[in-house]
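Geometric and topological summary
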Amino acid sequence: AFKINKSRLFSIRYHIILTFFALGQHEKVLLNCEVLKQYGKSEQHRDLQLFSNLLRVISNLELGNYDPLERFVTSTRNNLSTAHSAPDFERIALTYLSQLADLYLQNMTAPRLWQKTLMPVLRGFQQAMEDYAASGPPRIPLGFEETLIWVKSKTTGKPFQELMCA
């Protein structure tokens, strides 16, 4: 029987995840991230797996999923405090998403949570991403643009789809 190459499966699933993310269908993002996770780890597709993990965190933030955010904050604190070095984009994203998740967990019922409580961290996240891009890295990592667009959608209040097409 004909089987699709595992590499191709990673790529197809990534595009499905990205499409649902752009459409704001975060439940479907989470579902497809789980499917991608079932494909197993692949050093060749580490960038796809990293970005799908970031999209999982962002989707859990968007949906207000307490338990996964709590696990993420605990895990990230432990991992970022260790001496191992991570690529700049990964470290920036993990640092700021962890701060956002932690603030969210502490202030879930705060009025205007995204506009008021999380805004300073979102602005810092945007600045760090823009500074990284301006530093002239050898290549912009997979998912960098989409993550930056998501952050900008939060800081400007404009829909992701509008900013993506701008």
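Please refer to the structure higher up on the page.
Here we summarise the structure given alongside this text. Computed from a predicted model, the values in this text were never measured in an experiment.

Here the focus is the overall build of the protein. Helices and strands together make up the secondary structure of the protein, namely nine helices and zero strands. Going from N to C terminus, the protein has its helices and strands arranged as α-α-α-α-α-α-α-α-α. Its C-alpha atoms give the protein a radius of gyration of 16 Å, near enough to 15 Å, the size a compact globule of 166 residues would have. Across its three principal axes, the protein shows a C-alpha extent of roughly 55 × 35 × 30 Å. Looking at the 166 residues of the protein, the share that counts as buried comes to 43%. Working note: accessible area of the protein is about 9,400 Å², and carbon and sulfur atoms make up 53% of it. Across the protein, 19 positive and 15 negative side-chain charges occur, with their mean positions spaced 4 Å apart.

Moving on to the pattern of salt bridges. Counted by the stated rule, this structure contains five salt bridges. Residues R56 and E34 are paired through a salt bridge, measuring 3.7 Å at the closest nitrogen-oxygen approach. Taken together, the positions of R56 in helix 3 (residues 46-63) and E34 in helix 2 (residues 26-38) put the pair 22 residues apart, joining distant regions of the chain. Judged by its relative accessible area of 16%, R56 falls in the buried class. Residue class for E34 comes out partly exposed when judged on its relative accessible area of 36%. The partner of K154 in a salt bridge is E62, with the nearest N and O atoms 3.0 Å apart. Taken together, the positions of K154 in helix 8 (residues 144-156) and E62 in helix 3 put the pair 92 residues apart, joining distant regions of the chain.

Bringing the packing of helix 1 (residues 6-22) against helix 3 into the picture now. Their axes nearest at 11 Å, the elements helix 1 and helix 3 cross at an angle of 25°. When the axes of helix 1 and helix 3 are compared, the pair comes out roughly parallel. Note on packing geometry: the crossing formed by helix 1 with helix 3 is left-handed. Across the interface between the two elements, F10, S11, Y14, I17, L18 and F21 from helix 1 touch L48, Q49, F51, S52, L55, I58 and S59 from helix 3.

Scoring rules and cut-offs
Residues numbered from 1 in each chain as written. Predicted model: local features only at pLDDT ≥ 70, side-chain atom pairs only at ≥ 80, totals over all residues. Heavy atoms only, no water. Helix = DSSP H or I, 4+ residues; strand = E, 2+ residues; numbered from the N terminus. Rg over C-alpha atoms; globule rule 2.2 N^0.38 Å. Buried < 20%, exposed > 50% of the residue type's maximum accessible area, 1.4 Å probe, protein only. Areas by Shrake-Rupley, 256 points an atom, 1.4 Å probe, with all protein chains shown as cover. Lys, Arg positive; Asp, Glu negative; His and termini not counted. Charge placed at Lys NZ, Arg CZ, Asp CG, Glu CD. Salt bridge = Lys/Arg side-chain N within 4 Å of Asp/Glu carboxyl O. Axes fitted to C-alpha atoms, helices over the stretch in contact; angles between N-to-C directions. Parallel < 35°, antiparallel > 145°, perpendicular 65-115°, else oblique. Left-handed = near helix turned anticlockwise from the far one by under 90°. Contact = heavy atoms within 4.5 Å.

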